[in-house]
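# Notes for the structure review
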Amino acid sequence: MTAAPADLPTQARRRDGRPRPLAVLISLVIVVSAVGLLAVLLFPWQSLTSQRRSIDHAADTLERLQAETSHLTVRVAEAKDPVVVERIAREQLSLVREGDTLYRLNVDPADVITLPTSWPLPGVAHLLGDGEG
């Protein structure tokens, strides 16, 4: 007599209801193989995504450094230009050429700053040379 498809799961059990050792062993081998296959596929995937992130970060860093290098190359070229060097020396260092007339203005802060009469800090008025306070 041929077993019906519904009876197939019961064939893996003994008559007393306990599972057969061969069925347990086969099930265990299938589970371990599935976990092993998952591990073999999962670890390289994580490594691949990590490497992609690293490559993207390196590409961003390279792009930023190339932009900075081009900017610095332009600044070096400007620093070699005598006109630019003279302009920077005059503006930032207050240097003059021989024969130029230098005008220096000394301004008393008390003449420029007028404090209101209700100023809460009287020491500031004293520092400015104002007789008030």
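Let me begin by describing the structure that accompanies this report. All values reported here derive from a predicted model rather than from experimental measurement. (Residues numbered from 1 in each chain as written. Predicted model: local features only at pLDDT ≥ 70, side-chain atom pairs only at ≥ 80, totals over all residues. Heavy atoms only, no water.)

### A closer look at the overall build of the chain
The helix and strand tally for the chain stands at five helices and zero strands. Each helix and strand of the chain, ordered N terminal to C terminal, gives the series α-α-α-α-α. Per-residue burial over the chain gives 4% buried out of 133 residues. Here the chain has roughly 12,300 Å² of accessible surface; of this, 63% comes from carbon and sulfur atoms. (Helix = DSSP H or I, 4+ residues; strand = E, 2+ residues; numbered from the N terminus. Buried < 20%, exposed > 50% of the residue type's maximum accessible area, 1.4 Å probe, protein only. Areas by Shrake-Rupley, 256 points an atom, 1.4 Å probe, with all protein chains shown as cover.)

### Focus: the pattern of salt bridges
In this structure the tally under the stated criterion is four salt bridges. Note that Glu-86 is salt-bridged to Arg-97, the shortest N-O span being 3.1 Å. Of the two residues, Glu-86 is situated in helix α3 (residues 82-93) and Arg-97 in the loop between α3 and α4 (109-112); the sequence distance between them amounts to 11 residues. Between Asp-100 and Arg-90 there is a salt bridge whose closest N-O contact spans 2.7 Å. In this pair, Asp-100 is assigned in the loop between α3 and α4 and Arg-90 in helix α3, connecting sequence segments 10 residues apart. When its relative accessible area of 34% is taken as the criterion, Arg-90 is described as partly exposed. (Salt bridge = Lys/Arg side-chain N within 4 Å of Asp/Glu carboxyl O.)

### Observations regarding α3
Its 12 residues give α3 an end-to-end C-alpha distance of 15 Å, which sits within 8% of 16 Å, the value for a rise of 1.5 Å per residue. Remark: Ser-94 follows α3 within two positions and exhibits a positive phi of approximately 55°. (Expected span 1.5 Å × (residues − 1).)

### Digging into the environment of Arg-97
Accessibility expressed as a relative area gives 51% for Arg-97, which makes it exposed. Note: C-alpha distance between Arg-97 and Glu-86 (11 residues apart in sequence) is 9.2 Å. Ignoring anything within four residues of it in the chain, the contact list for Arg-97 reads Glu-86 and Arg-90. Of the polar contacts made by the side chain of Arg-97, one reaches the side chain of Glu-86; its length is 3.1 Å. (Contact = heavy atoms within 4.5 Å. Polar contact = N/O pair within 3.5 Å; in protein donor to acceptor, adjacent residues only side chain to side chain.)

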